[in-house]
Amino acid sequence: MTKLLHIDSSILGTNSVSRQLTAQIVASWCAANPVTELSYLDLAVDTPGHFSANAMGFRLPPSSATLSDVQKNENALSEALVAQFLASDVLVIGAPLYNFSIPTQLKAWIDRIAQVGRTFKYTEKGPVGLAGGKTVIVASTRGGIYSTSDAGIAMEHQESYLKTVFGFLGVTDVRIVRAEGLAMGEAAKSAALACAGLDILAQTHWADNQPQAVLAA
């Protein structure tokens with residue numbers, strides 16, 4: 001049984017292309033992998049509070065005497081989110097480009113699951129990810145085109161950030177389904193969605209957690 005966690009973060013509701021793509025990715029994955037257990041997280045609706053001193057409660061010693069009621073609640077939220085992440089084999093994440101980066105709702109979720117001792121650790125040789133063995137499929141949507149020029153690549157902190165942070169947590173199988181140029185006219189949008197549809201078929205018919213060399217073949 002593969003456990004798949006479907007995450008959306010767009011604030012645009014039914015007008016969201018990233019939500020459209022994550023739904024297609026999940027449907028395609030389940031068609032190729034029928035024995036899949038689904039769970040869903042809508043970060044635009046159930047948004048974790050942004051990281052704060054109170055949200056650092058999970059990093060404090062596990063003694064109830066050291067935590068305030070607010071910290072206990074924040075700790076419980078962080079624990080629920082990291083446990084859900086660790087229990088998942090596959091994550092499908094909708095990540096639209098907002099102001100050259102990811103939505104703050106998605107960043108808030110990442111801040112909750114990036115926990116020393118749970119998803120990574122520090123050693124004398126540097127940090128080591130503890131959440132390996134997962135597949136992350138990102139639905140990356142962009143109004144403009146950023147992938148075909150040095151200037152565009154330098155400006156985007158969306159796909160590059162997600163690959164970095166999941167790599168830091170030990171996830172080596174990060175796949176991108178990209179639709180860009182969505183705000184550059186109907187022809188460009190249609191072409192982008194057609195390309196993304198082909199990518200979805202390619203990215204969901206590989207088994208989860210395949211080595212990058214296999215995916216690139």
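Here, the structure is the one placed above.
Residues numbered from 1 in each chain as written. Predicted model: local features only at pLDDT ≥ 70, side-chain atom pairs only at ≥ 80, totals over all residues. Heavy atoms only, no water.

(A) The pairing of strand S5 (residues 126–129), seen in detail. Sheet topology note: the strand S4 (residues 120–123)/S5 ladder contains four bridges and is antiparallel. Looking at S5, one finds that Phe120 is bridged to Gly129. Between S4 and S5, which pair antiparallel in sequence order, lie two residues. (Pairing = 2+ DSSP bridges. Helix = DSSP H or I, 4+ residues; strand = E, 2+ residues; numbered from the N terminus.)

(B) Broad picture of the pattern of salt bridges. For the structure on display, the rule yields ten salt bridges. With a shortest N-O distance of 3.0 Å, Arg142 and Glu159 are connected by a salt bridge. In this pair, Arg142 sits in the loop between strand S6 (135–141) and helix H4 (150–155) while Glu159 sits in helix H5 (residues 159–168), placing the two residues 17 residues apart along the sequence. A residue is classified by how much of its surface remains accessible, and Arg142, at 2% relative accessible area, is buried. A salt bridge links Arg175 to Asp173, with the nearest nitrogen and oxygen atoms 2.9 Å apart. Residue classification places Arg175 among the buried positions, given a relative accessible area of 1%. (Salt bridge = Lys/Arg side-chain N within 4 Å of Asp/Glu carboxyl O. Buried < 20%, exposed > 50% of the residue type's maximum accessible area, 1.4 Å probe, protein only.)

(C) Examining the side chain of Asp8 more closely. Here Asp8 shows up in strand S1 (residues 2–8). For Asp8, a relative accessible area of 3% puts it in the buried group. Not counting the four nearest positions on each side in its chain, Asp8 is found in contact with Ser18, Arg19, Thr22, Tyr40, Leu41, Asp42, Leu43, Ala44 and Gly94. (Contact = heavy atoms within 4.5 Å.)

(D) Fine view of a nonpolar patch on the surface. A contiguous nonpolar patch, built from Val116, Tyr122 and Phe168 and spanning about 300 Å² of accessible area, is present on the exposed surface. Position of Phe168 relative to the elements: it lies in helix H5. (Patch = residues over 30% accessible without salt bridge, like charges linked within 9 Å, V, L, I, M, F, W, Y side chains within 5 Å. Areas by Shrake-Rupley, 256 points an atom, 1.4 Å probe, with all protein chains shown as cover.)

(E) Looking closely at the packing of helix H2 (residues 69–87) against helix H3 (residues 104–113). Orientation of H2 relative to H3, taken along the N-to-C sense of each, is 90°, at an axis distance of 8 Å. The orientation of H2 with respect to H3, classified from their angle, is roughly perpendicular. Residues Glu74, Leu77, Ser78, Leu81, Val82 and Phe85 of H2 pack against Trp109, Arg112 and Ile113 of H3. The class makeup of the residues in the contact of H2 with H3 is six nonpolar, one polar and two charged. (Axes fitted to C-alpha atoms, helices over the stretch in contact; angles between N-to-C directions. Parallel < 35°, antiparallel > 145°, perpendicular 65-115°, else oblique. Nonpolar A, V, L, I, M, F, W, Y, C, P; charged D, E, K, R; others polar.)

(F) Spatial organisation of the nonpolar core. With 27 residues, the main nonpolar core has Leu106, Trp109 and Phe166 as its most contacted residues. Residue assignment for this core shows that the elements contributing at least two residues are S1, H2, strand S3 (90–96), H3, S6, H5 and strand S7 (173–179). The leading source of residues in this core is H3, at four residues. Aside from chain neighbours lying at most four places away, what touches Phe166 is Phe85, Ile93, Trp109, Val136, Val171 and Val174. Residues Val92, Ile137, Ala179 and Ala192 belong to the second largest nonpolar core, which totals 17 residues. (Core = buried A, V, L, I, M, F, W, Y, C linked by side-chain atoms within 4.5 Å.)

(G) Structural detail: the pairing of S3. Among the seven residues of S3, seven are classified as buried, and the element is accordingly described as predominantly covered. Burial along S3 is two-sided: Val90, Val92, Gly94 and Pro96 facing one way and Leu91, Ile93 and Ala95 facing the other are all buried. In the sheet, S1 pairs with S3 via four bridges, with the strands oriented parallel. Its bridge partner lying in S3, Ile7 is registered against Ile93. Summarising the sheet, S3 and S6 pair through seven bridges and their orientation is parallel.

(H) Just unusual backbone geometry, in detail. Its identity as a non-glycine residue notwithstanding, Asn99 has a phi of 50°, on the positive side. The topology assignment puts Asn99 in the loop between S3 and H3. Backbone geometry places Phe100, a non-glycine residue, at a positive phi of 75°. Within the secondary structure layout, Phe100 lies in the loop between S3 and H3.

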